[in-house]
Amino acid sequence: ESLDPVVTPDGLRLPLRRATGRRPDARPVLLLHGASASGDTFVVPRGAGLVDDLVAAGFDVFVFDWRASRVVTETLVDVPRERFPSASCDDVARWDLPCAVRRIGELLVAEGSARPLGVVAHCMGAACLAMAVGAVVANAHAGGRLADLA
């Protein structure tokens, strides 16, 4: 199912989808695609993709299309260069991933779930995730004095 898009501080509206068997014991997991791919990477082939396998194994699956997703970039083809949003890994780590994780956390809390969120990240999605986690750890070591990540 498609959820309302994740809106980043720089105004991008990024798709977030969810697939779950709605089991009360489902473990939440976020799937992050690689550069210039999309969340569809995890859906195909229909009925036999990673999303289907994870749902069958008892996971509550969230598929997020971050700013380098072809799903997102195809909507920006006619945007003038001066208004085109930045698509750096720094932006993904600083804005996209924290916003998506926060949004998923809010959904889970609203549903009464306290289960931790797992992440499966592919290619540059994994690199951006490592950058985001590293920034959180660095901020914690700095006593929370670094700029807010989201």
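Reading the values: rules and limits
- Residues numbered from 1 in each chain as written.
- Predicted model: local features only at pLDDT ≥ 70, side-chain atom pairs only at ≥ 80, totals over all residues.
- Heavy atoms only, no water.
- Helix = DSSP H or I, 4+ residues; strand = E, 2+ residues; numbered from the N terminus.
- Phe/Tyr/Trp six-rings, centres within 6.5 Å; stacked < 30°, edge-to-face > 60°.
- Lys NZ or Arg CZ within 6 Å of the ring centre and 35° of its normal.
- Salt bridge = Lys/Arg side-chain N within 4 Å of Asp/Glu carboxyl O.
- Buried < 20%, exposed > 50% of the residue type's maximum accessible area, 1.4 Å probe, protein only.
- Polar contact = N/O pair within 3.5 Å; in protein donor to acceptor, adjacent residues only side chain to side chain.
- Contact = heavy atoms within 4.5 Å.
- Core = buried A, V, L, I, M, F, W, Y, C linked by side-chain atoms within 4.5 Å.
- Pairing = 2+ DSSP bridges.
- Axes fitted to C-alpha atoms, helices over the stretch in contact; angles between N-to-C directions.

Asker: Is there a simple way to think about unusual backbone geometry in this case?
Answerer: In this structure, Pro45 follows Val44 across a cis peptide bond, with omega equal to -10 degrees. Examined against the element boundaries, Pro45 turns out to sit in the loop between β3 (27–32) and α1 (50–56). Phi at Ser36 takes a positive value of approximately 60 degrees, unusual for a residue other than glycine. The residue Ser36 is located in the loop between β3 and α1 in this model. With phi around 55 degrees, Cys123 is a residue other than glycine that occupies positive phi space.

Asker: So what exactly am I meant to see when it comes to the packing of aromatic side chains here?
Answerer: The description of an aromatic ring pair uses the distance of the two centres, along with the angle that the planes make with each other. Scanning the entire structure with this criterion turns up 0 aromatic pairs. Of note, Arg27 hangs over the ring of Phe59, and the distance from its end group to the ring centre comes to 4.1 Å. In this structure, Arg94 packs its charged tip against the face of Trp95, placed 4.5 Å from the ring centre.

Asker: Honestly, the pattern of salt bridges in this entry has me stumped. Any pointers?
Answerer: Between side chains of opposite charge, a pair can form as their charged atoms come close. Following the criterion strictly, the structure yields 8 salt bridges and no others. Asp65 is the salt-bridge partner of Arg17, the closest N and O atoms lying 3.3 Å from each other. Taken together, the residues Arg17 in strand β2 (residues 13–19) and Asp65 in the loop between β4 (59–64) and α2 (70–73) connect sequence positions 48 residues apart. Taking the relative accessible area as the measure of exposure, Asp65 reaches 1% and is therefore buried. It is possible to trace a salt-bridge network through shared partners that takes in Arg17, Asp40, Asp65 and Arg70.

Asker: For this particular structure, what's the right way to read the side chain of Asp65?
Answerer: A polar contact of 3.3 Å, which involves the side chain of Asp65, links it to the side chain of Arg17. Side chain to side chain, Asp65 and Ser69 meet in a polar contact 2.8 Å long. In contact with Asp65, other than residues within four places in its own chain, are Leu14, Pro15, Arg17, His33, Ser38, Gly39, Val71 and Val72.

Asker: How do you make sense of the nonpolar core when you look at a structure like this?
Answerer: The nonpolar side chains of a soluble globular protein tend to be buried, and buried together. In this structure, Leu16, Phe62, Phe64, Trp66 and Leu97 are the most contacted members of the largest nonpolar core, which totals 22 residues. Top element by residues in this core is helix α3 (residues 89–110). It accounts for 7 residues. When residues no more than four places from it in sequence are discounted, the contact partners of Leu97 are Leu32, Phe64, Val92, Cys128, Leu129 and Ala132. Listed in part, the 8 residues of the second largest apolar core include Val29, Leu31, Val43 and Leu54.

Asker: Please clarify how the sheet that holds strand β5 (residues 118–121) should be interpreted in this entry.
Answerer: Within a sheet, adjacent strands bond to each other through the backbone by hydrogen bonds, running parallel or antiparallel. Taken together, the 5 strands give an open sheet; going across it, the order is β1-β2-β4-β3-β5, and neighbouring strands pair in mixed fashion. With partners counted over all chains shown, the strands left at the sheet margins are β1 (2–7) and β5, one partner each. This sheet shows a mean twist of 25 degrees between the axes of neighbouring strands, independent of strand direction. In terms of strand pairing, β3 meets β5 through 4 bridges, oriented parallel. Paired with Leu30 across the strands is Val119, a residue of β5. Its contacts with the sheet put α3 on β1, β2, β3 and β4, and the angle it makes with β1 is roughly 135 degrees. The strands that helix α4 (residues 124–141) touches are β3 and β5; relative to β5, the one it contacts most, it runs at about 135 degrees.

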